[in-house]
Amino acid sequence: MAVHNVDIADMFDRMAGLLDIEGANPFRVRAYRQAAGTIRDLPESLAAMVADGDDLSELPAIGDDLAEKICEIVETGRFRELEATEKRIPATLADLTRIPGIGPKRARKLHDALGIASLDDLASAAKAGKVRELEGFGEAVEAQFLEAIEAHRSKKQRFRISIAEDYAKGLEAYLKTARGVARVIVAGSYRRRRETVGDLDILATAADGAAVIDHFTRYDEIEDVVSKGSTRSTVRLKSGLQVDLRVVAEESYGAALQYFTGSKAHTVALRKIARAKGLKINEYGIYRGRKHLGGRKEEDLYGALGLAPVPPELRENRGEIEAARGGHLPELVTLDDIRGDLHAHTTASDGTSSLKEMAEAAKAMGYDYLAITDHSQHATVANGLDEKRLAAQLDEIDRLNDGMEGIRILKSCEVDILTDGTLDLPDSILKRLDLTVCSVHYHFDLASKAQTERILRAMDNRHFNILGHPTGRLVGEREPYPLDLDRIIEAAKERGCFLEVNAHPIRLDLDDVHCRAAKELGVKVSIATDAHSTTGLSVMRFGVDQARRGWLEKADVLNTHPWTKLEKMLAR
Ligand code: DGT
Ligand code: CA
Ligand code: CA
Ligand code: ZN
């Protein structure tokens, strides 16, 4: 059975979590965490790399030791060191650290004092009032735990787009080998490029549906077959991801693709328009009475309704149908439009690739520029740079730029926004930078008014250029901090600042709605990867997808512009 990158990353993360609870050497814990991060961002499949005999130790954050472990996992499906660790401490103990307020130390204490080894154990102990008796916990903390466990359990599992993509690619490739299959495409929220997907909806065309369905239900990653007919089937994969497959005839391909792409709200709106024109559309085609008018291509449907074809990312019934009718759909930004990346870390702070490696990787991607944005001094856990270290890095960038053709390294810094709204480094060094990315990294718990004012004050500094990951949310893990984002967008407009669309699939921050709000006010965004290694640069496509969902066009995005123009736009 194929081992996916996310499986390996999960194993490494689990290993790090358990070692952390055991109180192991922090460097070892961090090595596993950083490797997991690299693997999650990696565009190629590790299993394929192992099969090709590639040297994995050349990957950022992967040394000889971890490379060997990856080979072991790929070749045997097992990770013996993790198994040994799970014999010493229960694997489910790490789940405790998913509850806010429980870190490795508290998890260990709960285990040692009360024998708690899982979330279920914690819930029963809290209900029995045992947790409050532990030193440093108390009644309020106990109640918080119960609430958090409840919230955790009631959350319906959705998969991040990057993880869904890993599974989708494998399935797509497998289905294409079915006998008699002509087309295979993943529709649903996946095709609309939402940040998470509830399940995968795959559409295939073939003359003989049953043969394709049979092939599908023999996929080796299936946990169980939920339903199976001659043209449709639903299965659940071992990862927990559910997959729907529909097989249709070639002449219905466009109509079926439109239907299964959704969204439901978009399709319902189309059907209403059809009815008003005396037409009918369904998964099989478009009809006048019993007469079949088409359905081979999606364009047939939109055309018959007098609409320009709507890009999947816009199909949410948020004005796209009116725009399609009026002929003013946006010409959405594409990955090819991107000329550089404006947020990337190196080994100087918490990255795992050197400045030179990052520069060479960006050049190989065909970029014109790359901004190096290591953390500033307040971010001590990320080894943030003080004025002196940043000055030394700027000199190093000068030397690198002198010796390198075809790419320009921009001098930058991810500057912490302190609680009082001042920037974490003095103007004397900020003025030497080409641009700044300024971010909130702590005190997420301020009230909305205070958090908003903190950021507005920071924007008053004329060295402030781009607000990094503006809301701090982590997809499926952390809500945005309370913030008056509309006011911040307005302030950015007034002061000539910009907002980031952090492209990392766990952030995607700004979201689609606020991308559009920024566009409407004329505030440009920077789509940036926040790469912590050379492989991290490859997540740009997720940020572009998010920007497309936010109706952004090439001109709305800062880093589609050449440096000479960008430099002028950044000047305040
Ligand atoms: P998800 O899976 O929650 O991320 O979201 P979707 O949009 O992929 O939704 P899903 O998987 O339930 O259904 C896939 C598509 O099938 C959906 O986008 C539109 C279509 N669809 C499903 N149920 C209905 C329905 O009751 N009416 C209409 N018009 N379309 C539906
Ligand atoms: Ca779906
Ligand atoms: Ca579905
Ligand atoms: Zn940051």
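For clarity, every value in this text was computed on a predicted model and none was experimentally measured. (Residues numbered from 1 in each chain as written. Chains lettered and ligands numbered in written order. Predicted model: local features only at pLDDT ≥ 70, side-chain atom pairs only at ≥ 80, totals over all residues. Heavy atoms only, no water.)

**A word on the overall build of the chain**
Here is the rule we go by: Only DSSP runs of H or I with at least four residues qualify as helices, and only runs of E with at least two residues qualify as strands; both kinds are numbered from the N terminus onward. We compute the radius of gyration from the C-alpha atoms alone; for a globule the expected value is 2.2 Å times N to the 0.38, where N is the number of residues. Buried means the residue's accessible area, taken with a 1.4 Å probe over protein chains only, is under 20% of the maximum for its type, while exposed means over 50%, and partly exposed covers the values in between.
Broken down by element type, the chain carries 23 helices and 18 strands. Relative to the compact-globule value of 25 Å for 572 residues, the chain shows a C-alpha radius of gyration of 26 Å, a close match. Along the first, second and third principal axes, the C-alpha atoms of the chain reach 75 × 60 × 55 Å. Across the 572 residues that make up the chain, the buried fraction comes to 55%.

**Observations concerning the coordination of the calcium ion (ligand 2)**
Convention followed: A donor here means an N, O or S atom no more than 2.8 Å from the metal, or no more than 3.2 Å when the metal is Na, K or Ca. Since water is not included, a site may seem to lack partners.
Coordination of the calcium ion (ligand 2) by the protein comes from D199 (O), D199 (OD) and D201 (OD), over a distance range of 2.2 to 2.7 Å. A spacing of 3.8 Å is found between the calcium ion (ligand 2) and the calcium ion (ligand 3), which share D199 as a donor. Of the two residues examined, D199 and D201, each falls in the buried class.

**What about the packing of helix α20 (residues 485–495) against helix α21 (residues 512–521)?**
Between two packed helices, what matters for the description is the angle formed by their axes and the separation of those axes. Cut-off, in case you're wondering: In this analysis, axes come from line fits to C-alpha atoms, helices being fitted only over the stretch in contact, and the angle between any two N-to-C directions falls in the range 0 to 180 degrees. Put simply, a crossing is left-handed when the front helix is turned counterclockwise from the back one by less than a right angle, and right-handed when it is turned clockwise. Note on contacts: a residue pair qualifies if any of its non-hydrogen atoms lie within 4.5 Å across the two residues. Amino acid classes used here: Ala, Val, Leu, Ile, Met, Phe, Trp, Tyr, Cys and Pro are nonpolar; Asp, Glu, Lys and Arg are charged; the rest, including Gly, are polar.
Two elements in contact, α20 and α21, have axes separated by 10 Å at closest approach and are oriented at 35 degrees. Helix-helix and strand crossings are classified by hand; for α20 and α21 the assignment is right-handed. For the pair α20 and α21, the contacting residues are L485, D486, I489, E490 and K493 in the first and H514, A517, A518 and L521 in the second. Partitioning the contact of α20 with α21 into residue classes produces five nonpolar, one polar and three charged.

**Side note on the UniProt feature "domain: Polymerase/histidinol phosphatase N-terminal" (unreviewed entry) in the chain**
Quick note on the threshold: UniProt positions are given in the numbering used here, feature names are shortened, and annotations may be inferred rather than shown by experiment.
What UniProt calls "domain: Polymerase/histidinol phosphatase N-terminal" (unreviewed entry) maps, in this numbering, to residues 340–419. Measuring from the first to the last C-alpha atom of residues 340–419 gives 31 Å, for a span that is 34% helix and 16% strand.

**Side note on the domain arrangement of the chain**
Inclusion rule: Per the annotation, domain bounds derive from an automatic or database assignment of domains. Accessible area that two parts lose when put together, with a 1.4 Å probe and added across both, is what the buried area reports. A carboxyl oxygen of Asp or Glu within 4 Å of a side-chain nitrogen of Lys or Arg is what we treat as a salt bridge. Whenever a nitrogen or oxygen atom comes within 3.5 Å of another N or O atom, the pair is scored as a polar contact, on the condition that within protein one atom can donate a hydrogen and the other can accept it, and that pairs from neighbouring residues in sequence are kept only if both atoms are in side chains.
Along its sequence, the chain is carved into domain 1 (5–152), domain 2 (159–326) and domain 3 (335–570). If you average the C-alpha positions of domain 1 and of domain 3, the two centres end up 29 Å apart. Carbon and sulfur atoms supply 54% of the area that domain 1 and domain 3 bury against each other, a total of about 680 Å² over both sides. Inspection of the region where domain 1 meets domain 3 yields zero salt bridges. Our count for the domain 1 to domain 3 interface comes out at two residue pairs in polar contact (both at pLDDT 80 or more). Looking at the side of domain 1 that touches domain 3, its residues break down into five nonpolar, two polar and one charged.

**Points about the UniProt feature "domain: DNA-directed DNA polymerase X" (unreviewed entry) in the chain**
According to UniProt, the positions carrying the feature "domain: DNA-directed DNA polymerase X" (unreviewed entry) are residues 3–316. Span residues 3–316 is 49% helix and 15% strand, its end C-alpha atoms 34 Å apart.

**A closer look at the nonpolar core**
The following threshold applies: We define a nonpolar core as any set of buried Ala, Val, Leu, Ile, Met, Phe, Trp, Tyr and Cys residues linked to one another through side-chain atoms lying within 4.5 Å.
Counting residues in hydrophobic clusters, the biggest one holds 94 residues, and the most contacted among them are L200, M459 and I527. For this core, the element with the highest residue contribution is helix α9 (residues 161–175), accounting for eight residues. Formed jointly, this core draws a minimum of three residues from each of two domains, domain 2 (159–326) and domain 3 (335–570). Formed by 51 residues, the second largest nonpolar core is a distinct cluster that contains A36, L56, I99 and L122.

**What to know about the site of ligand 1**
Applicable threshold: Proximity is defined per residue: any heavy atom of the residue falling within 4 Å of a molecule or strand makes that residue near it. Method for areas: the Shrake-Rupley scheme with a 1.4 Å probe, in which residue coverage is limited to the protein chains shown.
Surrounding ligand 1, one finds 14 residues, the nearest of these being R158, S189, R192, G198 and D199. Residue R158 places a side-chain N or O atom 2.8 Å away from an oxygen atom belonging to ligand 1. In the model, an oxygen atom of ligand 1 is placed 2.6 Å from a nitrogen or oxygen of the S189 side chain. Protein chains shield 71% of the accessible area of ligand 1, which is 600 Å² for the free molecule. Counting residues per element, the ones that place at least two in the shell around ligand 1 are α10 (188–191) and α12 (253–261). A per-element tally of the shell around ligand 1 places α12 first, with three residues. A breakdown of the residues in the shell around ligand 1 according to their chemical character gives three nonpolar, six polar and five charged.

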